[in-house]
Amino acid sequence: MHEYAFIGYLDHETEVNFRGLWQDLSEQNISHYGVETKGKRPHITIADYDALDKNRFIQLADGFYEDKEKVDLTLNVLGTFISTGTLFIAPTLSTELLDFHSSHHDYFRKFNENETSFYLPSKWSPHCTIASRLAEDKMVQAFSYCKKNIDKIHGRLSEIALIELNLNNDGVVIEDTVIFSKELK
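Reference entry: report on the structure contained in this document.

1. A look at the overall build of the protein
So, point 1. Scanning the protein for helices and strands turns up five helices and seven strands.
So, point 2. The N-to-C order of helical and strand elements in the protein reads β-α-α-β-α-β-β-α-β-α-β-β.
So, point 3. For a compact globule of 185 residues, the expected C-alpha radius of gyration is about 16 Å, and the protein comes in at 16 Å, within 12% of that figure.
So, point 4. Taking the principal axes of its C-alpha atoms as reference, the protein extends roughly 45 × 35 × 25 Å.

2. Observations concerning the packing of aromatic side chains
A ring pair, where both rings are aromatic, is described by two values, the distance of the centres and the angle of the planes.
So, point 1. The full count for this structure, using the stated rule, is 14 aromatic pairs.
So, point 2. Plain terms: the ring middles of Phe64 and Tyr107 are 4.4 Å apart, the flat faces sit at 20° to each other, and that makes the pair stacked. Taken together, the residues Phe64 in helix H3 (residues 54-64) and Tyr107 in helix H4 (residues 95-107) connect sequence positions 43 residues apart.
So, point 3. You can call Tyr107 partly exposed: its relative accessible area is 39%.

Criteria and cut-off values
Residues numbered from 1 in each chain as written. Predicted model: local features only at pLDDT ≥ 70, side-chain atom pairs only at ≥ 80, totals over all residues. Heavy atoms only, no water. Helix = DSSP H or I, 4+ residues; strand = E, 2+ residues; numbered from the N terminus. Rg over C-alpha atoms; globule rule 2.2 N^0.38 Å. Phe/Tyr/Trp six-rings, centres within 6.5 Å; stacked < 30°, edge-to-face > 60°. Buried < 20%, exposed > 50% of the residue type's maximum accessible area, 1.4 Å probe, protein only.

That is the geometry; function is a separate question.
Structure (structure tokens):
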């Protein structure tokens, strides 16, 4: 089963630091989220799609993002989505980030077929996932570890990508495959 996500990747330095966090959590047997999925990179999801005319979308995205600039981020909120076992770090909702997100959804409106998507402008909670599917005790451990070991992160969205998500029978992503990416200016 495949789905698609349109994401913003973090700048190289921020990505390296984030991967270190994932590795630390894995080595301490708290969460293997960041290391268990082939192709996973830290990112902020801009949009998701159940079905997609990939060729048309890529053609439009290549033109639309030709002159888009990198987006400064301050990741400074450590949180969880209730009843999901997901721990994340979220950015301050700057005008620049909100404009970036809403301009994508305005331009690609005809591709937004899923009215229940959490990534639509009226429902979006931008975040970068630290761990997912955590049992309560592991959530407490992960939160405690992050609270002690990470600080406010200044970074940038530096690249956009369309990824194809390969899901297992339980709906868990087992592989991310980039099918289009573009560096932002």
